[in-house]
Structures are given as C-alpha cells and as structure tokens.
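Residue strings, one per chain:
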Amino acid sequence: MSDTILGLRDIRKSFGDTEVLRGISFAARAGEFITLLGSSGCGKTTTLRIISGLETCDSGQVLLEGRDVTDEVPEKRDVNTVFQSYALFPHMTVAENIGYGLKLKGKKKPEIRKAVAEVLELVQLPGFEERRPTELSGGQRQRIAIARAIVNAPKVLLLDEPLGALDLQLRRQMQIELKRLQKQLGITFIYITHDQEEALNMSDRIGVMKNGVFQQFGTPSEIYDRPKNAYVARFVGSANVLRGRAAYEGDTLCLESGGVRMPVLANAAPPAAGEVLTVAVRSEYVDFASETESGIPAVVKEKSFAAGMLRIALETGEGEEVIASRHGIDFDLSPGEHVRFRFRKEHALCVEAEDET
Amino acid sequence: MKPKRRGWENAVFLAPLYLFTLVFLIGPFVYMLVLSFMTRAETWGVVQEFTLRNYARILEPLYYNTLIESLKLALLVTVLVSLLGYPFGYFMAKLPPKRRALLLLLVMIPFWTSSLMRLYGWIIIFRANGLLDKLLMALHLIRKPLKMLYTYPAVAVGMVYALLPFMMLSVYSSVEKMDWTLVEAARDLGASPAKAFLTVTLKLTMPGLMTGVILTFVPSMGLFFVADILGGNKIVLLGSVIQEQLMKVHDWPFAAALSVIMMAMTSILILLYRRITGAKEMEGMI
C-alpha cells in the first residue's frame, strides 16, 4: 500500500536458545494506531525495540517509509520511544529533557524554546519548563516523556506500556488524551499493552501476540467478535472455550459434549463430523437450561461477585471450566449443585484450537 | 502510634556521638588551629605567645615551592588516576555479575597486604637493573638502565598505584547504579554512543568520579611515605614537610600552620564537589 509508513517483514529473534520472535510481519499506515497486545514474554517489547533499533533482529526487515532501516543505528531512525519507566534524564530540567533531541539535531536555542513551550501546551503542562523530573507526579512524568518524544516529530511513535505505572482513573484519562494527541498529530502509534480493554478502546488495529507470533491481527471488532482461535477468544474477549466433537444436524454444525448437541456458528473451515471442535462462548451468553430444554450437564464450583456481575464457575463432565455471569448478586444456585447450561447458536463461535507451541 | 520522643531523650541517645565528635574531631582541630598561632619554644614545646609568623613562613620559597610541587603532583596523580580508574570502574560495572565479583576481589586483595610492603615491591621493579630495566632492555627498547627509582615519575607511579583502587571502586559503585534505559532514551532521541555517554552516563556518574577525585587528591597531598620510599629525599612533599617539622625539628606551631593550610585546600575541594554534583538531584529518580 502506498501510504504504508512502517513495515515489518518476517522478523525473527532469539536470545540464546529461546526464540522470542518467530516471524513477525505487519504494515502500519500513516496516522494509524496499532496496538501489540499480549501477556508478558510474548515478544511485544522485543518487537518494539527492534523497530527503534535498540535491539537487532536475527533475520527479517524493518522498513520505514519504504526504506530498509534494519541495520541502521537508533539515532538515525525517524522513530521515537516513550519508555515504560519514562526514562526522563534526572539531571536535566523538563525543558532540557524535551529539547534534548532538537539540540542534537542542531536546532537554535530560540527555536528549541518555542518548540518546548508548544509541546508542553499540547500535553497540558504549560509553564513546566524549569521543573525537575523528581518534582513531578507519575502522570506528569508520563506527559513529559510523551512530549520529549513527539517534539521530534517522528514518523512513528513507539509506546511501551506507557500507562502501566498509573492508577486506573488516571489511566482512563490518559487513554483518551493519548488518542486525542494521536489524532491531532497524525503520527503513527505503535502501542504496547497487556490490557485488552486499553487495546480495544484506543486502537485502529490490534495484533494479538503469543509466543513470538501474531495470533490474530485485525480491527478491535474483528478481534473481539470474531476471534480466530481459542487464545484470542480467551485473552481478548475473556470467553469460555469449550472443546468437544463436531457433529452435524442437517447442515448445522453442532458441538457434541456430555452427550448433548448444541448448534454453533461455523467458521471458514469447519471440521468434519467426529473431529475435535473448539467453541468460544462469552460468559454473559451462557444460559441455564430449563426442564424442557437440552443443556450440557455441569456442576457449580463457586460463585463470586465482582463489578456488578455475579460470576458462576461451572465444571463440565470433561473437567472443563465454564464461567456464566449474571447481573445482580441474587442468583439461586449454590456450589455442588448439578445444572445444565446452553447457549444460542449465534453466540457460539467455532475457533481454531489454541496453538500449543 | 509511636510515642513522641522527648527532647532530653534525644539528647541522651545522641550524647555519645557528640562527645566523640568533640573529643576526637573538634578538640584536636581547635588545638591545631590554636597551636598554629603560637610561638615555638627555644628547645622543646610551645610558648603561649600569639604570632602570624608560622603562616608567613609558608610563603618562604622553600616551603612555598614545596606546597606548589605537592599540589602539582597531587593534580597529576588525580588526573592519571581518573583516566585509568574511570574506564576500569565503568567496564567492571557492566560485566556479568560472576566476573564482576572476581574483578572486585582482585582489586581488594592488595588491601590485605600492608601498603608499605607493596611499595617495597615497586623498588624491586624500579631500581637500576631491576625488573623494569631488564624487561625494557630485553625488548631492546632501551640500551642503558633507566634508573627510575628515586625520580619524580617513580613517585607518581607509586601514588597512582596506591590510590587507583579508590577511584575504581567509587566509579564502579555509581556506574552500577546507572539506569541504562536513560542511555537508550538518549540514543532513541538521536545521540551517538559517544554523545550519549558524555551527556548522560558521565553526568550521572559524576558523583562517583568526584568522590574518587577527592579520595585521590586529598591523600596524594600527604602520602609522604610514597615520596620517601620511591623518591628518596629528592622529592619533598607537603606531607613530608609536616612530618619532618613535627617529628624531627619539633616546630609544632609551624607543622600546625602547614596542616591548617592543607585542610583549607581540601575543604575548598569538597565544597567544589558539592557544587558540581548537586548531590540532591541525583538521588531517588527512576
């Protein structure tokens, strides 16, 4: 695509015997907000460091505006990073921190002063020039770290879990603010997080990573509504993953489990009858079957209450855990009770089994 | 809730500390200061007669030149020790923990031997037809023995040798505390490795370097035994003069005046150190 600003082609990286990245490829368009989502150790930070040049890759290519920068040193790349720990220089004032990059580019003092004032305005900390990083709160340091990066007008801004150290309320506020900044500046953001809510809220596209490969790369609604495999369903949608055998009633694909057949939505490559079938169902769509309805038998394991939802953990005859959630605390079920649960066809997605490697 | 400690309780707990400071630090210093304004007795001891003559005497060419020579040597030694010690401490801190521990041990081992003994080792190396001469002649770098012993370079080498570990260790301890993400941030913002070192690493490890400078400069003004052993009687340092005045000439007031001047110079250096490093700003940052 012509407006591709950053391209990664089959990036591989090992630390010793550990393969951290096993073929990472994606392209980011100008002004796009891309999130690399995954739990710790999935390789997302290494990917970011390879883009910035702070880490080298074993094979593959990094392209910036179509130019191969794979072997270029970090200072030559038109890319800036917002570090997780902020990495503000403690021996410099806020103005010196922000002006650091511009000074290295040989910009004149008045020009730097003007740019610093402007960017401080942008991150809503005007007049903070002479403060020391030690005198700032976590949220303020965060903004200065962002200011220090964007003042250089990079082609791509890399953000390594920038909100990780902030408390929940501040994090929500900064999410909105970051999104606003990104729209205003039109810079491509590559954002790293392990928080799926953050990823779904902010991104244009999300790459869900696990074990150094993308499990799925797509828009938030693709990832959330049509998870490609069990891992994505579980990690992004907090969905239940049920395994059983594929069976057909007429043309309808069914999940056979505990002697019961439940119709499910087929994906592009539905399995043949008798093969293993993996289905994702979100907890709010797990219903309890009445006397007359059919349902998969299970035992209530425990009940807990969180965020206005009652969470009922069930265990099927095959030993799989299934979570059903209900509004309100008052639900007449107690641990040890035998129940049968069911779900509607449109809420049961056939997904690929989890990649075990 | 912790009960509030009353004033007199604090005083009781702190009394030993105050007493120690008074008896062993302030007392002797005041004594020395007072002594430096007294007159020397004809034969032995001091006459309680106020005079500025002791300070005036320092300006006599003999002593003044010694002072300047001592300062010059101390400066040279400090520069050499910094140039050698900083890189060593820096790379030691960047090594993997196992090898780092080994190197630290190697630095510490010499301390288990008397420094006097180690200096005698240098005599074996430096003396005419000693190890150094033999080595250089065997390599055909020189024809005649250098006769390094009892020369200015020998004294400088001895001092650098004696003081290098202090620099290495103090640089090491401040480099070890470095947050290397800051260097990565500098590179990310467009700094070359050298530029990042100068603007970030060096600035942030300045307290360690300055501690090393003080630990080097101050003793090198007074390490008279190095000059005595490796310099014979040819190199006379301020420390030697003080020792001589006190122990041989028995001119206590003059020795005291010389000591006061030396202390003043040291204090100025420490004040400069605090000015340069601005210690407060370095601490507590991630």
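Residues numbered from 1 in each chain as written. Chains lettered and ligands numbered in written order. Predicted model: local features only at pLDDT ≥ 70, side-chain atom pairs only at ≥ 80, totals over all residues. Heavy atoms only, no water.

K.L.:
How should I be thinking about the overall build of chain B in this particular structure?
P.N.:
Looking only at helices and strands, chain B has 13 helices and two strands in total. A globule of 286 residues ought to have a C-alpha radius of gyration of about 19 Å, yet chain B, at 24 Å, is considerably larger. With the C-alpha coordinates aligned to their principal axes, the bounding extent of chain B is approximately 80 × 70 × 35 Å. Burial analysis of chain B (286 residues in total) assigns 38% to the buried set. A separation of at least 24 residues holds for 68% of the contacts in chain B among residues at least 6 apart in sequence. Once the 27 positive and 15 negative side-chain charges of chain B are each reduced to a mean point, those two points are 7 Å apart. (Helix = DSSP H or I, 4+ residues; strand = E, 2+ residues; numbered from the N terminus. Rg over C-alpha atoms; globule rule 2.2 N^0.38 Å. Buried < 20%, exposed > 50% of the residue type's maximum accessible area, 1.4 Å probe, protein only. Contact = heavy atoms within 4.5 Å. Lys, Arg positive; Asp, Glu negative; His and termini not counted. Charge placed at Lys NZ, Arg CZ, Asp CG, Glu CD.)

K.L.:
What is the right way to look at the domain arrangement of chain A in this model?
P.N.:
Reports often express the size of an interface as the amount of accessible area lost when the parts come together. All names here are of chain A. By domain assignment, chain A separates into domain 1 (4-225) and domain 2 (230-351). If you average the C-alpha positions of domain 1 and of domain 2, the two centres end up 39 Å apart. With 14 residues of domain 1 at the interface, the matching set in domain 2 holds eight residues. Of the roughly 950 Å² buried between domain 1 and domain 2, counting both surfaces, carbon and sulfur atoms make up 65%. (Domains from an automatic or database assignment. Buried area = accessible area lost by both parts, 1.4 Å probe.)

K.L.:
What is the right way to look at the sheet that holds strand β5 (residues 67-68) of chain A in this model?
P.N.:
To summarise the sheet geometry, strands pair through backbone hydrogen bonds and adopt either a parallel or an antiparallel arrangement. All names here are of chain A. The antiparallel open sheet is built from four strands, whose spatial order is β2-β1-β4-β5. Among the strands making up the open sheet, the edge pair consists of β2 (18-29) and β5. Taken together, the nine bridges between strand β1 (residues 4-15) and β2 define a ladder with antiparallel strand orientation. Looking at the pairing, I11 lines up with I24 of β2. Its contacts with the sheet place helix α1 (residues 44-52) against β1, β2 and β4 (59-64), and it is angled at close to 120 degrees to β1. (Pairing = 2+ DSSP bridges. Axes fitted to C-alpha atoms, helices over the stretch in contact; angles between N-to-C directions.)

K.L.:
Help me out: how do you make sense of unusual backbone geometry in this one?
P.N.:
A negative phi angle characterises most non-glycine residues, just as the trans form characterises most peptide bonds. Positive phi, normally seen in glycine, also occurs at E161 of chain A, with a value near 40 degrees. Relative to the assigned elements, E161 of chain A resides in the loop between β7 (156-160) and α5 (168-185). Overall, the relative accessible area of 10% leaves E161 of chain A in the buried class. The phi dihedral of N129 of chain B is positive, around 60 degrees, even though this residue is not glycine. You can see N129 of chain B is positioned in the loop between α5 (115-126) and α6 (131-138).

K.L.:
Would you mind going over the sheet that holds strand β13 (residues 260-263) of chain A with me for this structure?
P.N.:
Residue and element names in this part refer to chain A. Sheet architecture is open: five strands sit in the order β13-β12-β11-β14-β20, paired in antiparallel fashion. Across the chains shown, the open sheet's two edge strands, defined by having one partner strand only, are β13 and β20 (349-351). Pairwise comparison of adjacent strand axes, ignoring direction, gives a mean angle of 50 degrees for this sheet. Here five bridges tie strand β11 (residues 239-249) to strand β12 (residues 252-257), and the two strands are oriented antiparallel to one another. Bridge assignment links R245 to a residue of β12, and that residue is E256. Along the sheet face, helix α8 (residues 230-237) touches β11, β14 (276-282) and β20 and points at about 140 degrees away from the line of β11.

K.L.:
Before we go on, may I ask you to explain the side chain of D160 of chain A in this structure?
P.N.:
Residue and element names in this part refer to chain A. Locating D160 in the fold gives a position in strand β7. An unpaired buried charge is present at D160: no salt bridge exists, and K44, the closest side chain of opposite charge, is 6.7 Å distant. With near-sequence residues (within four places) excluded, D160 lies in contact with T45, L48, V82, F83, Q84 and I192. (Salt bridge = Lys/Arg side-chain N within 4 Å of Asp/Glu carboxyl O.)

K.L.:
What should I look at first to understand the packing of α5 of chain B against helix α7 (residues 152-176) of chain B in this one?
P.N.:
Helix-helix packing: each pair is described by the crossing angle between the helix axes and the interaxial distance. Residues and elements named next belong to chain B. Two numbers describe how α5 lies on α7: the axes approach to 11 Å, and their chain directions differ by 140 degrees. Taken together, the axis directions place α5 and α7 in an arrangement best described as oblique. Note that α5 runs across α7; the crossing there is right-handed. Here R118, L119, W122 and F126 of α5 lie close against α7, whose contacting residues are A154, V157, G158 and Y161. Here the residues of the contact of α5 with α7 sort into six nonpolar, one polar and one charged. (Parallel < 35°, antiparallel > 145°, perpendicular 65-115°, else oblique. Left-handed = near helix turned anticlockwise from the far one by under 90°. Nonpolar A, V, L, I, M, F, W, Y, C, P; charged D, E, K, R; others polar.)

K.L.:
Looking at this model, I keep getting lost on the pairing of β14 of chain A. Mind explaining?
P.N.:
Where a strand is regular, its side chains alternate between the two sheet faces. Residue and element names in this part refer to chain A. Of all the seven residues making up β14, six are buried; the element is thus mostly covered by neighbouring parts of the structure. Taken together, the three bridges between β14 and β20 define a ladder with antiparallel strand orientation. From the neighbouring strand, T278 faces β20, where its bridge partner is V351.

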